Amino acid sequence: GIELHRAVDQGEFVLFYQPQVNLRDGSLAGAEALIRWQHPQRGLLAPAAFLPALEEGPLAARVGAWVLDEACAQAAFWRRNGAPTLRMGINLFSAQFRVNDLLKDVSEALMRHGLPPSALELEVTENVVLDQDAVVLDTLRRLRNLGVGLSFDDFGTGYASLSLLTSYPITRIKIDRAFVQGMLTSK
């Protein structure tokens, strides 16, 4: 806990970006912001090493707001410099639905960086959706009405059923890799 507080205060979190490339022409269509922790003693830490503790603790909403702002700044930079239609994917913490006004945070980040809502795709895991449905569903609908893309991440690994897809305003499903890993070899 103390280390996470220090990491937030000292700015030890960094974002890496996984590109999404258009296979037709090789252009950069989008990117997904991935958080890492540049730990002063232990080096660069992958999410598995700290995300569970972060998500459960009091800092999740604060870090989530930072990720949103940082990734929007990067998206705006890339859109101004050669990737005018780039869409940025950002993973949300469940705390962002509870602690802050997520709709306001997203609107302000878009405005601050001069981005259209379509430049953003917010990713939720099925656990976030299953936890607190009414609040989450309402917020997701408002974000969708704003024009922001919404995606289910790791779909199919938890308890979510296909019927969820009819009640949530999702624009993309990211099927967990466990389901597609062997698809070119398996009949």
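Small disclaimer: the values here were computed from a predicted structure and weren't measured. (Residues numbered from 1 in each chain as written. Predicted model: local features only at pLDDT ≥ 70, side-chain atom pairs only at ≥ 80, totals over all residues. Heavy atoms only, no water.)

A. Quick look at the packing of helix α5 (residues 102-112) against helix α7 (residues 133-146). Viewed as axis vectors pointing N to C, α5 and α7 meet at an angle of 25°, and their least axial separation amounts to 9 Å. One finds that α5 runs roughly parallel with respect to α7. By crossing handedness, the relation of α5 to α7 is classed as right-handed. Here α5 contributes Leu102, Leu103, Val106, Ser107 and Leu110 to the contact with α7, which in turn contributes Thr139, Arg142, Leu143 and Leu146. Here the residues of the contact of α5 with α7 sort into six nonpolar, two polar and one charged. (Axes fitted to C-alpha atoms, helices over the stretch in contact; angles between N-to-C directions. Helix = DSSP H or I, 4+ residues; strand = E, 2+ residues; numbered from the N terminus. Parallel < 35°, antiparallel > 145°, perpendicular 65-115°, else oblique. Left-handed = near helix turned anticlockwise from the far one by under 90°. Contact = heavy atoms within 4.5 Å. Nonpolar A, V, L, I, M, F, W, Y, C, P; charged D, E, K, R; others polar.)

B. Structural view of the packing of aromatic side chains. Per the counting criterion, the structure on display carries four aromatic pairs. Measuring from ring centre to ring centre gives 5.7 Å for Phe13 and Trp37, while their planes differ by 50°; the resulting arrangement is tilted. Of this pair, Phe13 sits in strand β1 (residues 13-21) while Trp37 sits in strand β2 (residues 28-39); the two residues are 24 residues apart in sequence, bridging distant segments of the chain. Take Phe13 and Trp37: they sit in the same class, and that class is buried. A ring pair is formed by Trp37 and Phe50, whose centres lie 5.7 Å apart and whose planes are at 90°; its orientation type is edge-to-face. With Trp37 in strand β2 and Phe50 in the loop between β3 (43-45) and α2 (51-56), this residue pair connects regions lying 13 residues apart in the sequence. The exposure classification of Trp37 matches that of Phe50, with both residues buried. Through successive ring pairs, a cluster of aromatic residues spans Phe13, Trp37 and Phe50. (Phe/Tyr/Trp six-rings, centres within 6.5 Å; stacked < 30°, edge-to-face > 60°. Buried < 20%, exposed > 50% of the residue type's maximum accessible area, 1.4 Å probe, protein only.)

C. Representation of a nonpolar patch on the surface. On the surface, a cluster of nonpolar side chains totalling about 640 Å² of accessible area is made up of Ile173, Ile175, Phe179, Val180, Met183 and Leu184. Of all the secondary-structure elements, those providing two or more residues to the nonpolar patch are β7 (172-175) and α9 (177-180). On the secondary structure map, Met183 appears in the segment after α9. The exposed category is assigned to Met183, whose relative accessible area is 54%. (Patch = residues over 30% accessible without salt bridge, like charges linked within 9 Å, V, L, I, M, F, W, Y side chains within 5 Å. Areas by Shrake-Rupley, 256 points an atom, 1.4 Å probe, with all protein chains shown as cover. Salt bridge = Lys/Arg side-chain N within 4 Å of Asp/Glu carboxyl O.)

D. Region of interest: the pairing of strand β4 (residues 87-91). Of the strand pairs in this sheet, β2 and β4 are connected by four bridges, and their pairing is parallel. By the bridge assignment, Ala31 is partnered in β4 with Met88. (Pairing = 2+ DSSP bridges.)

E. Expanded view of α5. Leu102, Val106, Ala109 and Leu110 are the residues of α5 that are buried. Buried residues in α5, looked at end-on, bunch into an arc of 100°, giving them a common side. Along α5, the residues that are exposed and aim more than 90 degrees away from the buried face are Met111 and Arg112. Tucked into the core, α5 has its buried residues touching α3 (60-80), α4 (95-98), β5 (120-125) and α7. Where α5 ends, the next residue or the one after it, Gly114, has phi of about 65°, a positive value. (Arc of directions from axis to C-beta.)

F. Structural detail: the side chain of Glu123. By the element assignment, Glu123 lies in strand β5. The residues touching Glu123, leaving out its near neighbours within four places in the chain, are Glu32, Gly89, Ile90, Asn91, Leu92, Ser151, Asp153 and Lys174.

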